[in-house]
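Listed below, chain by chain, are the residues.
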Amino acid sequence: DLFGKTRRDLEALQAQVDYRGFQLEGATLTLASNIVTAALQEASLRAQLRATREILATQEEQLALIERQFELGGIARTDVLAQRSALAQSRATLPPLENQLTRTRHLLAVLAGRFPGDAADLPEFHLEDFRLPEELPVSLPSALVRQRPDIRSAEELLHAASAAVGVATANLYPQITLSGQ
């Protein structure tokens, strides 16, 4: 390997191996972030469902009071109909939220490597389960960017291309083979 062709070829191959490793790391981080996003979405949907059910209970109580006032002649029939309409509109928001929660549970099951129907085995997430850090940094060091797998894989692609240039340069020189004969 007088002109470094084999050395540069091995260097290019090692850069390709490192590139694939960083691609795998990036895929793992993407999967983890998708799971966290789905868990937060589930917790948000559960909170929305709980709030909607509380609103429905309050509106049903109001409807009972308004109907009682109407029976006693204190208010007009239009007030009763308006309250019934508001209650029906609030009830109509429940099925889409429940459907979205079911889809999110199925997504979590798939991301966890299970069939969508196996979502019952997964834990339920609630907003109260999540905590933000007490102190968030105002700025982050630029060296943090070098930890990103996509940037590191791009560097390895550049390294492989540089090594390929070295191989091509070595191919410009004559190939010499020395043997014991």
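Undergrad: Run through the overall build of the protein, naming residues and quoting values.
TA: Counting secondary structure elements, the protein contains 4 helices and 0 strands. Reading the protein from its N terminus to its C terminus gives the helix and strand order α-α-α-α. A globule of 181 residues ought to have a C-alpha radius of gyration of about 16 Å, yet the protein, at 32 Å, is considerably larger. With the principal axes as the frame, the protein shows a C-alpha extent of 120 × 40 × 25 Å. For the protein, the proportion of its 181 residues judged to be buried stands at 23%. Per element, the accessible surface of the protein, about 13,000 Å² overall, is 59% carbon and sulfur. Separation between the mean location of the 18 positive side-chain charges and that of the 23 negative ones in the protein comes to 4 Å.

Undergrad: Any chance you could break down a nonpolar patch on the surface for me, citing the residues and the numbers?
TA: On the surface, Leu2, Phe3, Leu172, Tyr173, Ile176 and Leu178 cluster together to form a nonpolar patch covering roughly 740 Å² of accessible area. Its place among the elements puts Tyr173 in the segment after helix H4 (149-171). Judged by relative accessible area, Tyr173 falls into the partly exposed class, the value being 42%.

Undergrad: Would you mind going over the nonpolar core in detail, with residue names and values included?
TA: Formed by Leu45, Leu49, Leu56, Leu63, Ile66, Val80, Leu87, Leu94, Leu97 and Leu101, the largest nonpolar core amounts to 10 residues. Among the elements of the structure, helix H1 (5-71), helix H2 (77-92) and helix H3 (94-111) are those that each provide at least two residues to this core. In terms of residue count, the dominant contributor to this core is H1 (5 residues). Core analysis: the next-biggest nonpolar cluster, separate from the first, contains 6 residues, Ala38, Leu108, Ala109 and Leu122 among them.

Undergrad: An account of the confidence of the model for the protein is requested, with residue identities and associated values reported.
TA: Confidence in the prediction for the protein averages 90 pLDDT; 99% of positions are at 70 or higher. For the protein, H4 is the element with the lowest average pLDDT, namely 90, and H3 is the one with the highest, namely 95.

Undergrad: Before we move on, can you summarise H2 with the specific residues and values?
TA: Helix length check: H2 (16 residues) gives 23 Å between terminal C-alpha atoms against 22 Å at 1.5 Å per residue, within 8%. Where H2 is concerned, the buried positions are Val80, Gln83, Leu87 and Ser90. In a view along the axis of H2, the buried residues occupy a sector of 90°, so they form one face of it. Along H2, the residues that are exposed and aim more than 90 degrees away from the buried face are Thr78 and Gln89. Residues of H2 that are buried in the fold lie against H1 and H3.

Undergrad: Describe the side chain of Thr104, listing the residues and the values that go with them.
TA: Along the chain, the position of Thr104 falls in helix H3. Residue classification places Thr104 among the buried positions, given a relative accessible area of 3%. Among the polar contacts listed, one links the side chain of Thr104 to the backbone oxygen of Gln100, at a separation of 2.9 Å. Not counting residues up to four positions away in its chain, the partners in contact with Thr104 are Ala38, Gln41, Glu42 and Leu45.

Undergrad: So, the environment of Ala112: which residues are in play, and what are the values?
TA: By the secondary structure assignment, Ala112 is in the loop between H3 and H4. Taking the C-alpha atoms as reference, Ala112 lies 9.1 Å from Leu31; in sequence the two are 81 residues apart.

Undergrad: Can you tell me about H1, naming the residues and giving the values?
TA: In a regular helix each residue adds 1.5 Å, so 67 residues correspond to 99 Å; H1 covers 97 Å between its end C-alpha atoms and thus fits that length. Just beyond H1, the residue with positive phi is Gly73, at close to 85°.

Undergrad: Can you tell me about the packing of H2 against H3, naming the residues and giving the values?
TA: In contact at an axis separation of 4 Å, H2 and H3 are set at 10° when each is read in the N-to-C sense. With respect to their mutual orientation, H2 and H3 come out roughly parallel. The segment H2 lies against H3, with Ser90, Arg91 and Ala92 engaging Leu94, Pro95 and Pro96.

Conventions adopted
- Residues numbered from 1 in each chain as written.
- Predicted model: local features only at pLDDT ≥ 70, side-chain atom pairs only at ≥ 80, totals over all residues.
- Heavy atoms only, no water.
- Helix = DSSP H or I, 4+ residues; strand = E, 2+ residues; numbered from the N terminus.
- Rg over C-alpha atoms; globule rule 2.2 N^0.38 Å.
- Buried < 20%, exposed > 50% of the residue type's maximum accessible area, 1.4 Å probe, protein only.
- Areas by Shrake-Rupley, 256 points an atom, 1.4 Å probe, with all protein chains shown as cover.
- Lys, Arg positive; Asp, Glu negative; His and termini not counted.
- Charge placed at Lys NZ, Arg CZ, Asp CG, Glu CD.
- Patch = residues over 30% accessible without salt bridge, like charges linked within 9 Å, V, L, I, M, F, W, Y side chains within 5 Å.
- Salt bridge = Lys/Arg side-chain N within 4 Å of Asp/Glu carboxyl O.
- Core = buried A, V, L, I, M, F, W, Y, C linked by side-chain atoms within 4.5 Å.
- pLDDT = per-residue confidence, 0-100.
- Expected span 1.5 Å × (residues − 1).
- Arc of directions from axis to C-beta.
- Contact = heavy atoms within 4.5 Å.
- Polar contact = N/O pair within 3.5 Å; in protein donor to acceptor, adjacent residues only side chain to side chain.
- Axes fitted to C-alpha atoms, helices over the stretch in contact; angles between N-to-C directions.
- Parallel < 35°, antiparallel > 145°, perpendicular 65-115°, else oblique.

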